[in-house]
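Structural features, examined
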Amino acid sequence: MSGHGNPIPMSSAKCGPLTGTADVPGDKSISHRSLILGAMAVGETRITGLLEGDDVLDTARAMRAFGSEVTDHGGGSWSVHGVGVGGFAEPEGVIDCGNSGTGVRLIMGAMATSPITATFTGDASLNKRPMARVTDPLALFGAQSYGRAGGRLPMTIVGAADPVPVRYTTPMPSAQVKSAVLLAGLNAPGQTVVIEREATRDHSERMLAGFGATITTEDTDEGRVITLTGQPELRPQTIDVPRDPSSAAFPVCAALIVPGSDVLVPNIGLNPTRAGLFTTLREMGADLSYENAREESGEPVADLRARFSPDLKGIEVDPARAASMIDEYPVLSVVAAFAEGATVMRGVAELRVKESDRIEAMASGLRANGVEVEDGPDWWIVHGRGHGAVPGGAICASHLDHRIAMSFMILGMASDKPVSLDDGAPIGTSFPIFEPLMKRLGARITRGDAD
Ligand code: S3P
């Protein structure tokens, strides 16, 4: 249950070269899915490398509340004794998903086709986020939902006693919506079909297949058509969670903008539905290479090596790539501030409904630190000042958003004056070791405002 503690003001100052190895934590998306699918399998799933951030810990607590036995064996090693598809018990209390949109939306899907009722809530950020995008398709299965105005949490879902399978085209590119529908489809008879016009991260599809479900994906003129056969018996799995490319983005981007840096970020998941940032950075002229490329637990993995890149150029980011880097735009906008020329980001309306309005949060913080930004409903443009030319010196608001908080800390590492943050506590939701890890590389992050 994140976001309820005291704020932690932080600041980040210009530093010498960042060097060494950055062992970032496990992938957040795969960690949530490991716990949820483990809880829906029959028998014991073993997980290593689980992200032990607040978001995932909230999902672990939720899976216990629905009746599965979830055990922390220490050091990222966990086990889940699943109750089987359709085996969820009715939780006694309210399910608090903290800051996590992924947690709440996937769990709503997983319980929506069982004859149980559950009430969900979250922190001030999550309780502002739209849930109709999930409850609309869940209603087609026969589930009912009762939430606050505008489809906001807290919200009660009454699961369908006699679910019917669904054919659903997602109205926005969202892996959370797709996954909620697929998880609901698990306990519906027959075939549930999800169609997405733009491909989003496909961890659910890969993992459902790994757990033994019959699931196919076909690229058609309509888009990507995913067909799941309902009511399988899911087999427990042994899962080694790859490290999170969205967390790797922070040390990688820091290395590109801090003079003299050379950082290795090993074992990063490079699923093509997630790796758009790295392609974009290379187009901007980043010195970024993949070493030791291989496959682990059904996901492509490599070691990333990022070196200081003095000649970064602003580019027009291909909007077709937006879904594959949707969580990375905040830190990309920081790199863009140190590039020559404008970086244009279009087709990114979804950024306005993340843990915060990420366009607004980054645009106002960048402007306060001397960087010109233009923005509209689904686009923004960062006018780069070039290497060594970002003034810095302002206090930024994190808006209960981990990625906003970390992005401003990266900004401070190469700005003339330190950059401060009102609250770094949200960083714990996805990257609890961010501060010690970045300091070990050479960053100058301190708690409290800059003098
Ligand atoms: C996620 C999907 C994305 C992403 C989020 C994780 C997932 O959200 O922003 O951090 O694990 O399915 P949307 O589905 O809202 O795009």
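In this numbering scheme, every chain counts its residues from 1 along its sequence in written order. In view of the model being predicted, local features appear only for residues whose pLDDT reaches at least 70, and side-chain atom pairs are presented and counted only at 80 or more, with totals across whole chains, interfaces and linings using the full set of residues. The side-chain numbers reported here are obtained from all heavy atoms of the structure, hydrogens and water having been left aside.

Boundary definitions for the domains trace back to an automatic or database domain assignment. The assigned domain composition of the chain is domain 1 (10–26 + 242–447) and domain 2 (28–228). Taking only C-alpha atoms into account, the centre of domain 1 sits 28 Å from that of domain 2. Facing the 25 residues of domain 1 at the interface are 26 residues of domain 2. The definition of a polar contact used here is a pair of N or O atoms within 3.5 Å, where within protein one atom must be able to donate a hydrogen and the other to accept one, and adjacent residues in sequence count solely through side-chain atom pairs. At the junction of domain 1 and domain 2, the tally comes to 14 residue pairs in polar contact (both at pLDDT 80 or more). Going through the elements one at a time, strand 17 (299–307) and helix 11 (402–412) are the ones with two or more residues in the side of domain 1 that touches domain 2. Note on definitions: a residue-residue contact is assigned when non-hydrogen atoms from the two residues lie within 4.5 Å. Only DSSP runs of H or I with at least four residues qualify as helices, and only runs of E with at least two residues qualify as strands; both kinds are numbered from the N terminus onward.

Here we take up the pattern of salt bridges. Between Lys or Arg on one side and Asp or Glu on the other, a salt bridge is scored when a side-chain nitrogen of the former is within 4 Å of a carboxyl oxygen of the latter. This model, assessed by the stated rule, comprises 31 salt bridges. With a shortest N-O distance of 2.9 Å, Arg-352 and Asp-357 are connected by a salt bridge. Each residue is placed in one exposure class: buried if its accessible area under a 1.4 Å probe, protein chains only, is under 20% of its type's maximum, exposed if it is over 50%, and partly exposed if it falls in between. A relative accessible area of 23% places Arg-352 in the partly exposed class.

Another point: the sheet that holds strand 23 (residues 419–421). An order of 22-23-1-24 is seen for the four strands of this open sheet, with the pairing classed as mixed. Among the strands making up the open sheet, the edge pair consists of strand 22 (395–396) and strand 24 (444–447). Against the sheet, helix 11 touches strand 1 (10–13), strand 22, strand 23 and strand 24, its axis set at about 160 degrees to strand 23. A strand pair is defined by DSSP finding two or more bridges across the two strands. Geometry is summarised by axes, namely lines fitted to C-alpha atoms with helices restricted to the contacting stretch, and by angles between N-to-C directions that run from 0 to 180 degrees.

Ring geometry is summarised as follows: Phe, Tyr and Trp rings, the Trp one being its six-membered ring, pair when their centres sit within 6.5 Å, and such pairs are stacked at plane angles under 30 degrees, edge-to-face over 60 and tilted between the two. This model, assessed by the stated rule, comprises three aromatic pairs. Geometrically, the ring pair formed by Phe-250 and Phe-434 is edge-to-face, given 6.2 Å between the ring centres and 85 degrees between the ring planes. Residue Phe-250 is found in helix 7 (residues 245–257), and its partner Phe-434 is found in helix 12 (residues 434–441); the two are separated by 184 residues along the sequence. The same class applies to Phe-250 as to Phe-434, namely buried. These aromatic residues form a ring-pair network of at least three members: Phe-250, Phe-431 and Phe-434. Remark: a charge is flagged as sitting over a ring if the NZ atom of Lys or the CZ atom of Arg is within 6 Å of the ring centre and within 35 degrees of the ring normal. The ring of Tyr-290 carries Arg-282 above its face, with NZ or CZ at 4.4 Å from the centroid.

Time to look at the sheet that holds strand 12 (residues 215–220). The strands making up a sheet are joined through hydrogen bonds of the backbone, oriented either antiparallel or parallel. Pairing within the open sheet is mixed, and its four strands lie in the order 10-11-13-12. Each having just a single partner strand, strand 10 (167–169) and strand 12 make up the two edges of the open sheet. Neighbour to neighbour, the strand axes of the sheet diverge by 15 degrees on average, direction disregarded. Where strand 11 (residues 191–196) meets strand 13 (residues 223–229), six bridges bridge the pair, whose relative direction is antiparallel. Paired with Ile-195 across the two strands is Val-225, which belongs to strand 13.

For the bond from Leu-153 to Pro-154, the omega torsion is -5 degrees, close enough to zero to count as cis. Among the structural elements, Pro-154 can be located in strand 9 (residues 152–158). One non-glycine residue, His-399, lies in positive phi territory at about 50 degrees. By the secondary structure assignment, His-399 is in the loop between strand 22 and helix 11.

Before going further, it helps to spend a moment on helix 9 (residues 329–337). Within helix 9, nine of the nine residues are buried, leaving the element largely enclosed by the surrounding structure. Looking at helix 9, one finds that the buried residues are Tyr-329, Pro-330, Val-331, Leu-332, Ser-333, Val-334, Val-335, Ala-336 and Ala-337.

Moving on: the side chain of Arg-321. Topologically, Arg-321 is positioned in the loop between strand 18 (316–317) and helix 9. Overall, the relative accessible area of 14% leaves Arg-321 in the buried class. Only 2.9 Å separates the side chain of Arg-321 from the side chain of Thr-280, close enough to count as a polar contact. Here Glu-283 takes part through its side chain, which lies 2.7 Å from a polar atom of the side chain of Arg-321. Here Arg-321 is in contact with Gly-276, Thr-279, Thr-280 and Glu-283, once residues within four sequence places are set aside.

Below, the discussion takes up the UniProt feature "binding site: phosphoenolpyruvate" (unreviewed entry) in the chain. UniProt positions are given in the numbering used here, feature names are shortened, and annotations may be inferred rather than shown by experiment. As annotated in UniProt, the feature "binding site: phosphoenolpyruvate" (unreviewed entry) corresponds to Lys-28, Gly-101, Arg-129, Gln-176, Arg-358 and Arg-403 in the numbering used here. Tracing the backbone through its elements, the reader meets Gly-101 in helix 3 (residues 101–111). When its relative accessible area of 3% is taken as the criterion, Gly-101 is described as buried. Residues in contact with Gly-101, not counting those within four places in the same chain, are Leu-126, Arg-129 and Gln-176. Its place among the elements puts Arg-129 in the loop between strand 7 (117–121) and helix 4 (132–141). On the basis of relative accessibility, which here comes to 5%, the residue Arg-129 falls in the buried class. With sequence-adjacent residues up to four places away left out, Arg-129 is seen in contact with Asn-99, Gly-101, Arg-105, Gly-151, Arg-152, Val-353, Lys-354 and Glu-355.

Whether a residue is near a molecule or strand is decided by its heavy atoms; if any one of them lies within 4 Å of it, the residue is near. Taken together, the residues surrounding the ligand are Lys-28, Ser-29, Arg-33, Thr-102, Pro-173, Ser-174, Ala-175, Gln-176, Arg-201, Ile-326, Asp-327 and Lys-354. A distance of 2.7 Å separates an oxygen atom of the ligand from a polar side-chain atom of Ser-174. Take Gln-176: an N or O atom from its main chain is 2.8 Å from an oxygen atom of the ligand. Here the Shrake-Rupley method, with its probe set to 1.4 Å, supplies the accessible areas, and only the displayed protein chains count as covering residues. Burial of the ligand by the protein amounts to 96% of the accessible area it has alone, namely 390 Å². Among the secondary structure elements, those contributing two or more residues to the shell around the ligand are helix 1 (28–40) and helix 5 (175–185). Ranked by residue count, the leading element in the shell around the ligand is helix 1, at three residues. Built from parts of two domains, the shell around the ligand gets at least three residues from each of domain 1 (10–26 + 242–447) and domain 2 (28–228).

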